[in-house]
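Here is what each chain is made of, one letter per residue.
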Amino acid sequence: MTSAAHLLEAVRSAEWVRRTGRISRFVGLNVESQGPDVKLGEVCEIRSRSAGTLAEVVGFAEGRVLLMPYEELLGVGIGSEVIATGETAHVRPGRHLLGRVIDGFGVPLDGKPLAQGPVRQPIYPPPINPLHRGMVRDILETGIRAIDSLLTLGRGQRVGIFAGSGVGKSTVLEMLARQVKADVRVIALVGERGREVKDFVEEGLSPEARAKSVVVAATSDQPALLRRRAAFLATAIAEFFRDEGLDVCLMMDSVTRVAMAQREIGLASGELPTARGYTPSVFALLPKLLERGGVRGAGGSITSIYTVLVEGDDLADPISDTVRATLDGHIVLSRAIAQRGRYPAIDITQSISRLASAVVPEAEMRLVLEAVKMLAIYETSRDLIEVGAYREGTSAAVDRAIKLVPDLEQFMAQRPGESEGRAAAMRRLQTILGNAGRAA
């Protein structure tokens, strides 16, 4: 863009009339003000004697403006000035973000300077026209054997990793971040502990992976609005790289904490709680976030992988149910499998890739279905087998499953630093099934 065009854009976007208001009340997390004349989602600055604090317009009530701050309101009191900026939440993305760790505002967390991209990209854009989307046709290799073979993903697919606390979803995410075959990785760490953010960046990412990654972090001690913003900012950055024609893998840990942040915002704005205390705006927000992945018709893709923290290992909790219904597949991590010592603790019988049949050849799909069938048969009879009540010869299918499952369990086990191509994994799976067939 030329300097004249930059100047013209600055003139057009300039605020020629100063719109101001005054704080009249604090209610919970919200600040109420008389004025200024603003619209929903606009960013305002709350002036105190020491500094200014940014806040976002989240609602209106009885002629007053409801604001939620991005930071602590130190030094702000009744009568403090509120100035409308005319800005809505946006980011200026670019390749300069690769290898960097930023917060929900796009500010670098390593203290080093960061350039600004030439184009403003809205964080909360309008929905994508469904007819402008491309089709998922190509396999995405993740480097995780159990996923690449039995739950094959396609470029542009959206999938959730569902797990209770302490079952290993962060480890699976680290394996994906290091090994996934994508041009760019955008990683959103929302509501994480600060120590985990540092560990993920310094220990979880290899130097090669970090050079291709953008990490957006908003820790659990930051305001709810900033945590929500970080999730959408990461998605907007992924969209920029997709529009450049690149294949992007967007990883978010976790979408549950995004929902919790929106619940805080909704309750503070006066919404009534519904299922398990979640407000209606949470269930309106989730599709707006999750639907932004996929294939671009003109080229480029975003494969979205979201972790979902399952409360009490209940896969039917409201957030899990809503996310599962929106995405193109789900990978369930089982506490029982983790307790048996097999990692990653993926429960194949509870998981599904809805687009696997669109990207996997028919001959390979037959292998996959056979392996899943054997695992399901074994699980159905597991109690009888483990207590010694099952007698060989009672069922040919169970006999075959008993011979197969130990090899399949060993096949699905994988150390964090281990990687294997999909073609090699499929050959191993074929060997396992073939050997069991000959033995039978």
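That block above? That's the structure.
Asks: Help me understand the packing of aromatic side chains, please; the structure alone is not making it clear to me.
Replies: If you walk through the whole model with that rule in mind, you get 4 aromatic pairs. Relative to Phe 283, the ring of Tyr 278 has its centre 6.4 Å away and its plane inclined at 70°; by these criteria the two rings are edge-to-face. If you follow Arg 145 out to its NZ or CZ, it ends over the ring of Phe 411, 5.8 Å from the centre. Above the plane of the ring of Tyr 70 lies Arg 229, whose end atom (NZ or CZ) is 5.2 Å from the centre.

Asks: What am I meant to see in the pairing of strand 4 (residues 52-61) here?
Replies: The side chains of a regular strand alternate, residue by residue, between the two faces of the sheet. Both strand 3 (residues 42-47) and strand 4 contribute to a ladder of 5 bridges, which runs antiparallel. Of the residues in strand 4, the one forming a bridge with Cys 44 is Ala 55. Where strand 3 hands over to strand 4, the hairpin turn is made up of 4 residues, counted between the paired strands. Bridge analysis of strand 4 against strand 5 (residues 64-69) gives 6 bridges, and the strand direction is antiparallel. Within strand 5, the position partnered with Phe 60 by the bridge is Val 65. Between strand 4 and strand 5, which follow one another and run antiparallel, lie 2 residues, and Glu 62 among them has a positive phi close to 50°.

Asks: For this particular structure, what's the right way to read the sheet that holds strand 4?
Replies: Adjacent strands of a sheet form backbone hydrogen bonds with each other and so pair up, either parallel or antiparallel. Ordered in space as 1-2-5-4-3-6, the 6 strands form a closed barrel in which the pairing is antiparallel. Neighbour-to-neighbour, the strand axes of the sheet open up by a mean angle of 45°, direction not taken into account. Pairing of strand 3 with strand 6 (residues 81-88), which is carried by 5 bridges, proceeds in the antiparallel orientation. Residue pairing across strands places Ile 46 opposite Val 82, the latter belonging to strand 6.

Asks: Explain the nonpolar core to me, please; I cannot follow it from the model alone.
Replies: Note that soluble globular proteins tend to have their nonpolar side chains buried in a common cluster. The biggest cluster of nonpolar side chains holds 58 residues, and the ones touching the most others in it are Leu 176, Ile 187, Met 251, Ile 331, Leu 333, Ile 346 and Leu 429. Leave out the neighbours within four places in its chain, and Ile 331 touches Ile 147, Leu 151, Val 159, Gly 160, Ile 161, Phe 162, Ile 346 and Ser 351. Listed in part, the 45 residues of the second largest apolar core include Leu 97, Val 214, Ala 236 and Leu 250.

Asks: Help me understand unusual backbone geometry, please; the structure alone is not making it clear to me.
Replies: A negative phi holds for most residues other than glycine; trans holds for most peptide bonds. A cis amide bond links Gly 35 to the next residue, Pro 36, at an omega of 0°. Mapped onto the elements of the fold, Pro 36 is located in the loop between strand 2 (30-34) and strand 3. Here Asp 253 and Ser 254 are connected by a cis peptide whose omega angle stands at 5°. Assignment of secondary structure puts Ser 254 in the loop between strand 15 (247-253) and helix 7 (255-268). The phi dihedral of Glu 62 is positive, around 50°, even though this residue is not glycine. Judged by its relative accessible area of 72%, Glu 62 falls in the exposed class.

Asks: It is not clear to me how the side chain of Glu 81 should be interpreted in this structure. Could you clarify?
Replies: Considering the arrangement of structural elements, one finds Glu 81 in strand 6. Overall, the relative accessible area of 17% leaves Glu 81 in the buried class. The residues contacting Glu 81, other than those within four sequence positions of it, are Arg 18, Thr 20, Gly 21, Arg 22, Glu 45, Ile 46 and Arg 47.

The rules behind these values
What you see as residue numbers is a count from 1 along each chain, following the sequence as written. Local features are withheld for residues below a pLDDT of 70 in this predicted model, meaning they are given only at 70 or higher, and side-chain atom pairs are given and counted only at 80 or more; totals for whole chains, interfaces and linings count all residues. Side-chain measures were taken over the full set of non-hydrogen atoms in the model, leaving aside hydrogen atoms and water. The criterion for an aromatic pair is that two Phe, Tyr or Trp rings (for Trp, the six-membered ring) have centres within 6.5 Å, with stacked assigned to planes under 30 degrees apart, edge-to-face to planes over 60 apart and tilted to the rest. Two limits define a charge over a ring: the Lys NZ or Arg CZ must be within 6 Å of the ring centre, and within 35 degrees of the ring normal. Paired strands, in this sense, are two strands between which DSSP finds at least two bridges. Helical segments are the DSSP runs of H or I of at least four residues, strand segments are the runs of E of at least two, and each set is numbered from the N terminus. Where helices are involved, their axes are fitted lines through C-alpha atoms of the stretch in contact, as for all axes, and angles between N-to-C directions lie from 0 to 180°. Take the buried residues of types Ala, Val, Leu, Ile, Met, Phe, Trp, Tyr and Cys, join any two whose side-chain atoms come within 4.5 Å, and each joined set is a nonpolar core. Relative accessibility decides the category of a residue: with a 1.4 Å probe and only protein chains considered, values under 20% of the type maximum give buried, values over 50% give exposed, and everything between is partly exposed. Note on contacts: a residue pair is in contact if any heavy atoms of the two residues lie within 4.5 Å.

It is worth stressing that arrangement in space is one thing and function is another; only the former is reported here.
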